[in-house]
Amino acid sequence: MIKSVKTFPFVLVFLALVFFVGAARAKEPLADTTSSQSVLKIQEVTTASGLKAWLVEDHTVPVIALQFGFKDAGSKLDPAEKQGLTQMASNTLDEGAGELDSQAFQGELQNLSISLSFNAGRDDFSGDLKTLSRNKARAFELLKLALTQPRFDAEPVERMRIANLSRVKSSMTQPEWIASRIQNDKIFEGHSYALNSGGTLTTLKSITPDDLRGFMKRLGRNNLVVGVAGDITAEELKAVLDDVFGSLPEAPVTERKPFTLSHPGKTFLHVQDIPQTVIEISQGGISRNDPDYQTAQVMNFVLGSSGFGSRLTEEVREKRGLTYGIYTYFMDYEDAQILHISTSTATANVKTVLDIVHEEWRKMLSTDITPKELEDARNYLIGSLPLSLTSTDKIADLLYSLQADDLPITYLDERQKKIESTTVADVRRVAERLLKPENFTVILVGQKAEITGAEPVEALAHVD
């Protein structure tokens, strides 16, 4: 899966709404926010056959959410000539299984209010199931059918192929998507992450039902990760795990290949006649498993992830009015970690914005953050977590992501302690370790800008 932290201003408002709706619905809080107790009461469940899952029981609402995934089964394994295979698998696994064709399978999900979907990541392949307690038996049966007896009938495969081709064609008109495509192509050059995980106009046409059946060999009990929350006991869950996932085969083990970003210090320009130039900047990031990760999050909050509270927003938007928004975020893949900066501005202002970004990097490297900046960052990062844990599916997703990233079951409590103990000096030290403005890879999509040394990008790779 993709492991990332991305904070937008509107997220604050959204989380606040989620919190208040969830608080009104639940009889008891799902998350315990008091400092003397664990953030979440997580149980590790192990079945008789050795399958494992993390569980948070909550019997106040008759709902069960199950988030599952298969590590190292994502699109990075798609052959170049079959780009989009994982995406197509995620689109068609719930389009008929066993004796049920697409219409019958989808009809049962709808009639029983069962939510089942699959997701294609660059590293992992995942899915989520949400059901009312009274329909859990059939919900788990349908999930098992999808994973063990998918049909991949010609009609739904073709329907999903057409939908994906339409998506790619539509994306080619969007400057932000074009910038991201070039960004992946350049910074991951030499790694399969550079390929188009959503498929190209050519490769999507070549994917067959047999290719999709071959894809299923990536999904095994040995690379399975499961997080569950809601109205189910540990003993019930053990039986469900063995029944749904117990018959899966062993999947091939994929060797990880740590990768250093390509083209550090270079700028690329793709000319388009649009009013605003899209700017994407990348440099090396940090793993979620790194001991300095939480301190890096505090630094990033001050620098650019906190929207209107960040230094970049203050300098670029508030003081100079050069953009509607500018933000930074970490992306943590299995083989590479990235710190991204995203914004857009009028072409005449591109150089000024890039100069400000460099200047803010230099300030973070050469001066300490203020005590107020530290306090604001700690308060938000600690307080925002419980606000995101007010529904069963959000908790199940969190339990899944922690395991997928090989983090300990005590991670949430350790995270809070680490953030609480972060000092101004810690932030300065981590900034000096991470921030490398000389390694920026800059992608510009817009009218020709007066940027010295920008290399032109005439055609998009992995699209046609």
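See the structure printed just above.
Residues numbered from 1 in each chain as written. Predicted model: local features only at pLDDT ≥ 70, side-chain atom pairs only at ≥ 80, totals over all residues. Heavy atoms only, no water.

The helix and strand inventory of the protein stands at 16 helices and 13 strands. The C-alpha atoms of the protein give 23 Å as radius of gyration, which agrees with the globular expectation for 464 residues (23 Å, within 12%). Structurally, the protein occupies a C-alpha span of about 60 × 55 × 40 Å along its principal axes. Per-residue burial over the protein gives 56% buried out of 464 residues. Taking as baseline every contact in the protein between residues at least 6 positions apart, the subset at least 24 positions apart corresponds to 84%. Positive and negative charge centroids in the protein, built from 50 and 63 side chains respectively, lie 1 Å apart. (Helix = DSSP H or I, 4+ residues; strand = E, 2+ residues; numbered from the N terminus. Rg over C-alpha atoms; globule rule 2.2 N^0.38 Å. Buried < 20%, exposed > 50% of the residue type's maximum accessible area, 1.4 Å probe, protein only. Contact = heavy atoms within 4.5 Å. Lys, Arg positive; Asp, Glu negative; His and termini not counted. Charge placed at Lys NZ, Arg CZ, Asp CG, Glu CD.)

On to the sheet that holds strand β2 (residues 43-46), then. With respect to topology, six strands assemble into an open sheet ordered β2-β3-β7-β4-β6-β5, the strand pairing being mixed. Both edges of this open sheet fall to β2 and β5 (115-120), since each of them pairs with a single strand only. The average undirected angle you get between the axes of adjacent strands in this sheet is 20°. As paired strands, strand β3 (residues 52-57) and strand β7 (residues 224-230) are joined by four bridges and run parallel to one another. (Pairing = 2+ DSSP bridges. Axes fitted to C-alpha atoms, helices over the stretch in contact; angles between N-to-C directions.)

It is worth spelling out the nonpolar core at this point. F68, L143 and F245 are the most contacted members of the largest nonpolar core, which has 64 residues in total. Not counting the four nearest positions on each side in its chain, L143 is found in contact with L66, F68, L116, F118, L129, V244 and F245. (Core = buried A, V, L, I, M, F, W, Y, C linked by side-chain atoms within 4.5 Å.)

With respect to the helices and strands, the residue L201 is situated in the loop between α6 (175-187) and α7 (203-206). Spatially, the C-alpha atom of L201 lies 8.8 Å from that of N164, the residues being 37 residues apart in sequence. Beyond its immediate stretch of four places on either side in the chain, L201 contacts L165, V168, K169, M172, V463 and D464.

With 13 residues, helix α14 (residues 392-404) ought to run about 18 Å at 1.5 Å a step, and its terminal C-alpha atoms sit 18 Å apart, in line with that. Burial in α14 covers these residues: T392, I395, A396, L398, L399, Y400, S401, L402, Q403 and A404. Of the surrounding secondary structure, the elements contacted by the buried residues of α14 are β3, β4 (63-70), β6 (125-132), β7, α13 (371-387) and α15 (411-420). Just past α14, the residue D406 takes up positive phi, approximately 60°. (Expected span 1.5 Å × (residues − 1).)

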